[in-house]
Amino acid sequence: MKKYDYILVGSGLYSGVIAYMATKAGKTCLVLEKRNHIGGNVYCESIEGINVHKYGAHIFHTSNKEVWNFVNSLVEFNRYTNSPVANYKGEMYNLPFNMNTFSKMWGISTPAEAKEIIDRQKASITGEPKNLEEQAISLVGQDIYEKLIKGYTEKQWGRDCKELPSFIIKRLPVRYTYDNNYFNDLYQGIPIGGYNVLIDKLFEGVEIKTNVDFLEDKEHWMSLGEQVIYTGAIDAYYDYCYGKLEYRTVRFETEVLDEQNHQGVAVVNYTDRETPYTRIIEHKHFEYGTQEKTVISKEYSTDWEEGMEPYYPVNDEKNQALYEKYATKAKDENIIFGGRLGEYKYYDMDKVIESAMNMWKQLENK
Ligand code: UDP
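A closer look at the overall build of the protein chain
Then, number 1: Along the protein chain, the regular secondary structure elements total 12 helices and 16 strands.
Then, number 2: In terms of overall size, the protein chain behaves like a compact globule, its C-alpha atoms giving a radius of gyration of 22 Å where 366 residues would be expected to give roughly 21 Å.
Then, number 3: Seen along its three principal axes, the alpha-carbon backbone of the protein chain occupies a region of about 70 × 50 × 35 Å.
Then, number 4: The buried share among the 366 residues of the protein chain stands at 56%.

Structural data, given as C-alpha cells:
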C-alpha cells in the first residue's frame, strides 16, 4: 500500500476537479505545484483590490449543464458577458463579427446588405479552405480579414495566416444579428470574488506542496502514490525524448493607472500589425469594479522557449504528430496526462473540467 491514492502534478482546474472528486470519495491525494501558489493559469493576484488575471484573462463559458452545475455548486458566478472591442488604428469595431461590426465597416444596416458584401468578397475562395486565411475570408470577406483578423492572428501565432490551421478561427462566431456576446454558450460568467475562490474550494482539505518541481525528483514522488496524474507538459515529462512540442507564450506588462476607467471594457484587441501587443485587458471590468484606480495588462505574444510559461499549444500537423508519439508512449505506462498541457489541446476551461470529470468516472470504476 502506498501512502497516497493519487499524486497530482500541477494545481490547475484539471487537477482541482480530480482532487475534489477523489477527496469526496474518501481517497487521499498529494498535490505538487511548482509555482508558489495553486490555481494554474486561472490564479488571480489582488492589486488595488482588483483581481488581476495574472496568467491571462479567463472568462468562464459553457453549454455543458453538468459542468455549469458543478462549478456553481462551489462558487456563484456574476453576469459578465464578454463583449470585446477591436481597435484598428483608432477605429473601434465590436467583436465577434456581427451586424455592429459590419455596419461600422461598411455603413450598412441590414443583414441582407452585409451578406451581399461578404459574398462578393469571399468569391475568390473556392472549395474547402486550406488554411486560416482562406477560412477567414470565406467566413467574413476580405475587409474584415485585413482589418480585424490578419494582423491580430499573425501577432498571436507568430506565423503567416496561410500557414495556420483553419480551425483556430472557427472558434469565433460570425453573426448576422446585432449581438456582441463573444460566446455562443448557454452559460457564462466570472466567479464572484474571483477564480481563487473556485480553486480554494476544489482543493479544500487536500494536501498540497507548493514550490515543488516534480520532474526534479520524479521517482521519489511517483513511489508515494498508486496513480500519478500529470497536468504539466507531456513532452517535458518525457524529457523531450522525441523533440519539443511548440507552444505560444504571452508576456504581460501590467500597470496600475491612476484613473477609474481606462478603456471602458475588459478586453480591447489591437488588430493592426504595428501595435506590438495583441490586446489590453482592464481587469476590474470582469467584476464591475468601482475601485479608484485601475489595472491593465498588455499582452505580447511570443514563441515559447524552455523556462517560459507554455500557454497555447500550436496544434498544427507537425506538432500534432509529435504529440501522438508521446501519447502512444504514455499508453503503456501507469500515468495519466490531463489538461491543456497534458493533452496538448487548445482547451477552454469548461472542456478541461469536462475532461477531468470523465477521467474521474473512469478512475472511480476501476
Ligand atoms: N481572432 C482575430 N481577431 C480578433 C480576435 C480573434 O483574428 O480580434 C482570431 C485569432 O486567430 C485567434 C482566434 O481568432 O487566435 C481565436 O480567438 P480567441 O479569442 O478564441 O483566442 P483566445 O481567447 O484563446 O486567445
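With respect to the site of the ligand
Then, number 1: As a structural note, the neighbourhood of the ligand is formed by 17 residues, with T153, R171, Y182, Y312 and Y346 the closest of them.
Then, number 2: Between the ligand and the protein, one listed contact pairs an oxygen atom with a backbone N or O atom of I149 at 3.5 Å.
Then, number 3: Contact distances for the ligand include 2.8 Å between an oxygen atom and a side-chain N or O atom of Y312.
Then, number 4: For the ligand, whose accessible area on its own is 530 Å², the fraction buried by protein is 93%.
Then, number 5: Counting only elements with at least two residues in the shell around the ligand, the list comes to α5 (132–157) and α6 (167–170).

Details of the packing of aromatic side chains
We describe a pair of aromatic rings using the distance from one ring centre to the other and the angle between the two ring planes.
Then, number 1: On inspection of all chains with the given rule, the structure shows 28 aromatic pairs.
Then, number 2: Relative to F70, the ring of Y20 has its centre 5.4 Å away and its plane inclined at 70 degrees; by these criteria the two rings are edge-to-face. Taken together, the residues span a long stretch of sequence, with Y20 in helix α1 (residues 13–24) and F70 in helix α2 (residues 65–74) at a distance of 50 residues.
Then, number 3: Between W68 and F77, the ring centres sit 4.9 Å apart and the planes meet at 50 degrees, which makes this aromatic pair tilted. The pair W68 / F77 is uniform in exposure class, with both members buried.
Then, number 4: An aromatic cluster of at least three residues, connected via ring pairs, comprises F214, Y230, Y237, Y238, Y242, Y326 and F337.
Then, number 5: For the cation-ring pair, K104 lies above Y93, with the distance from its terminal atom to the ring centre recorded as 5.8 Å.
Then, number 6: The ring of Y300 carries the charged tip of R251 above its face, separated from the ring centre by 4.3 Å.

Overview of the sheet that holds strand β2 (residues 29–32)
Then, number 1: Strand order in this open sheet of five strands is β9-β2-β1-β10-β16, and the pairing throughout is parallel. Where the open sheet ends on each side, the last strands, each with one partner, are β9 (207–209) and β16 (335–337). In this sheet, adjacent strand axes meet at a mean angle of 20 degrees when their direction is disregarded.
Then, number 2: Judged from the three bridges that link them, β2 and β9 form a sheet pairing that is parallel. Following the sheet pairing, L30 is matched in β9 by E207.

Criteria and cut-off values
- Residues numbered from 1 in each chain as written.
- Predicted model: local features only at pLDDT ≥ 70, side-chain atom pairs only at ≥ 80, totals over all residues.
- Heavy atoms only, no water.
- Helix = DSSP H or I, 4+ residues; strand = E, 2+ residues; numbered from the N terminus.
- Rg over C-alpha atoms; globule rule 2.2 N^0.38 Å.
- Buried < 20%, exposed > 50% of the residue type's maximum accessible area, 1.4 Å probe, protein only.
- Near = heavy atom within 4 Å.
- Polar contact = N/O pair within 3.5 Å; in protein donor to acceptor, adjacent residues only side chain to side chain.
- Areas by Shrake-Rupley, 256 points an atom, 1.4 Å probe, with all protein chains shown as cover.
- Phe/Tyr/Trp six-rings, centres within 6.5 Å; stacked < 30°, edge-to-face > 60°.
- Lys NZ or Arg CZ within 6 Å of the ring centre and 35° of its normal.
- Pairing = 2+ DSSP bridges.
- Axes fitted to C-alpha atoms, helices over the stretch in contact; angles between N-to-C directions.

Everything listed is a geometric property; what it means functionally is a separate question.
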